Amino acid sequence: MKTKIIIAAFIMAVTSISAQTNLLLDGGFETPAKNYVINNSGANKFSNNGKWFISFSLGGCENGCCEGTSEFTTVEKKSGNSSLKIDVVRQKNRNDIRLFQTIKGVSAGIYEVSFWTKSDKEGYPIAIDILKGTQPGTNNGVEPFTGNFTTSTQWKQFKFNVDLSGWLPEELELMRVSIRPNNNKKLPEGPYPKTFWVDEVSFVAVK
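The structure contained in this document is the topic of the report that follows.

Rules used throughout
- Residues numbered from 1 in each chain as written.
- Predicted model: local features only at pLDDT ≥ 70, side-chain atom pairs only at ≥ 80, totals over all residues.
- Heavy atoms only, no water.
- Salt bridge = Lys/Arg side-chain N within 4 Å of Asp/Glu carboxyl O.
- Helix = DSSP H or I, 4+ residues; strand = E, 2+ residues; numbered from the N terminus.
- Buried < 20%, exposed > 50% of the residue type's maximum accessible area, 1.4 Å probe, protein only.
- Polar contact = N/O pair within 3.5 Å; in protein donor to acceptor, adjacent residues only side chain to side chain.
- Contact = heavy atoms within 4.5 Å.
- Pairing = 2+ DSSP bridges.
- Axes fitted to C-alpha atoms, helices over the stretch in contact; angles between N-to-C directions.
- Phe/Tyr/Trp six-rings, centres within 6.5 Å; stacked < 30°, edge-to-face > 60°.
- Lys NZ or Arg CZ within 6 Å of the ring centre and 35° of its normal.

Here we look at the pattern of salt bridges
Close approach of charged atoms allows side chains with opposite charge to pair. Under the counting rule described, the total for this entry stands at five salt bridges. A salt bridge links Glu-76 to Lys-118, with the shortest nitrogen-to-oxygen separation between them at 3.1 Å. Here Lys-118 lies in strand E6 (residues 110–119) and Glu-76 lies in the loop between strand E3 (66–73) and strand E4 (83–91), a separation of 42 residues in the sequence. Since its relative accessible area comes to 9%, Lys-118 is described here as buried. Across the salt bridge formed by Lys-132 and Glu-171, the nearest N and O atoms sit 3.4 Å from each other. With a gap of 39 residues between them, Lys-132 in the loop between strand E7 (125–131) and strand E8 (145–150) and Glu-171 in helix H3 (residues 169–172) connect regions that are remote in the sequence.

Structure follows, in structure tokens:
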């Protein structure tokens, strides 16, 4: 009986650990040289290499619709050694800046998406989108799952569950988790620059 109890406890522990496995690579932004790509070309394409990818879109504006920089920083972080710092110098459209990662081979089911963020001033808008692999890089996150939040000068965690049970295999393959800072439904407001920090982004199966 004692042996059976030990085995059962071990199975439960393994199951619990498995259920909490983060499907995103380097959700804590610890290894920039290996897991991060910066794209300042203004293209609306996205990367399928499974790394973090940030784009400051030029759009159709003469001098570019937005300008910004990003870097791993050890000065501000929720946990671990570093976080991602995003500086928005100027921005015209609410979808100009996207931080995202493609996840390969996700199974149908229910998942929890979460992230920690803060900003240099109170009350900046930020969104996180769960996008199908078949959706274009220009998608603004209205469908199928988007969480809209407001930042603080202190670290805050935002999270919600998404049900991917009805997604087709081609929609699950190469699906994306995308974060859009300063994503007002109206034109993004100043004053600029604005600074965001993002850390501990997670996408885990819960059912």
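There's plenty left to go through after this.
Brief notes about the side chain of Thr-195
Tracing the backbone through its elements, the reader meets Thr-195 in strand E11 (residues 194–205). A polar atom in the side chain of Thr-195 sits 2.6 Å from the side chain of Asp-87. In this structure Thr-195 touches Lys-85, Ile-86, Asp-87, Lys-118, Ser-119, Asp-120 and Tyr-124, once residues within four positions along its chain are discounted.

A look at the environment of Asn-182
Relative to the assigned elements, Asn-182 resides in the loop between strand E10 (175–181) and E11. Judged by its relative accessible area of 0%, Asn-182 falls in the buried class. Expressed as a C-alpha distance, the spacing of Asn-182 and Ile-97, which sit 85 residues apart in the sequence, is 8.2 Å. Among residues more than four places away in sequence, those in contact with Asn-182 are Gln-91, Arg-94, Pro-125, Ile-126, Pro-188, Glu-189, Tyr-192, Lys-194 and Phe-196. Polar side-chain contacts of Asn-182 include one of 2.9 Å to the side chain of Gln-91.

Side note on the sheet that holds E3
Taken in spatial order, the five strands make up an open sheet running E3-E4-E11-E6-E9, and their pairing is antiparallel. The strands lining the two open edges of the sheet, one partner per strand, are E3 and strand E9 (156–163). Across the sheet, the axes of successive neighbouring strands diverge by a mean angle of 25 degrees, strand direction being ignored. Across five bridges, the pairing between E4 and E11 is antiparallel. Within E11, the residue paired with Leu-84 across the bridge is Val-198.

As for the environment of Gly-59
Counting through the fold element by element, Gly-59 comes out in the loop between strand E2 (52–56) and E3. Linking Gly-59 and Asp-96, residues 37 residues apart in sequence, is a C-alpha distance of 7.7 Å.

Quick look at the packing of aromatic side chains
Scanning all chains against the criterion turns up ten aromatic pairs. Residues Phe-29 and Trp-52 carry aromatic rings whose centres are separated by 5.1 Å and whose planes lie at 35 degrees to one another, so their mutual orientation is tilted. Taken together, the residues Phe-29 in the loop between helix H1 (2–19) and helix H2 (32–35) and Trp-52 in strand E2 connect sequence positions 23 residues apart. The same class applies to Phe-29 as to Trp-52, namely buried. One aromatic cluster is present, formed by Phe-115, Phe-149, Phe-158 and Phe-160 through successive ring pairs. The ring of Trp-197 is capped by Lys-118, whose NZ or CZ atom sits 5.5 Å from the centre of that ring.

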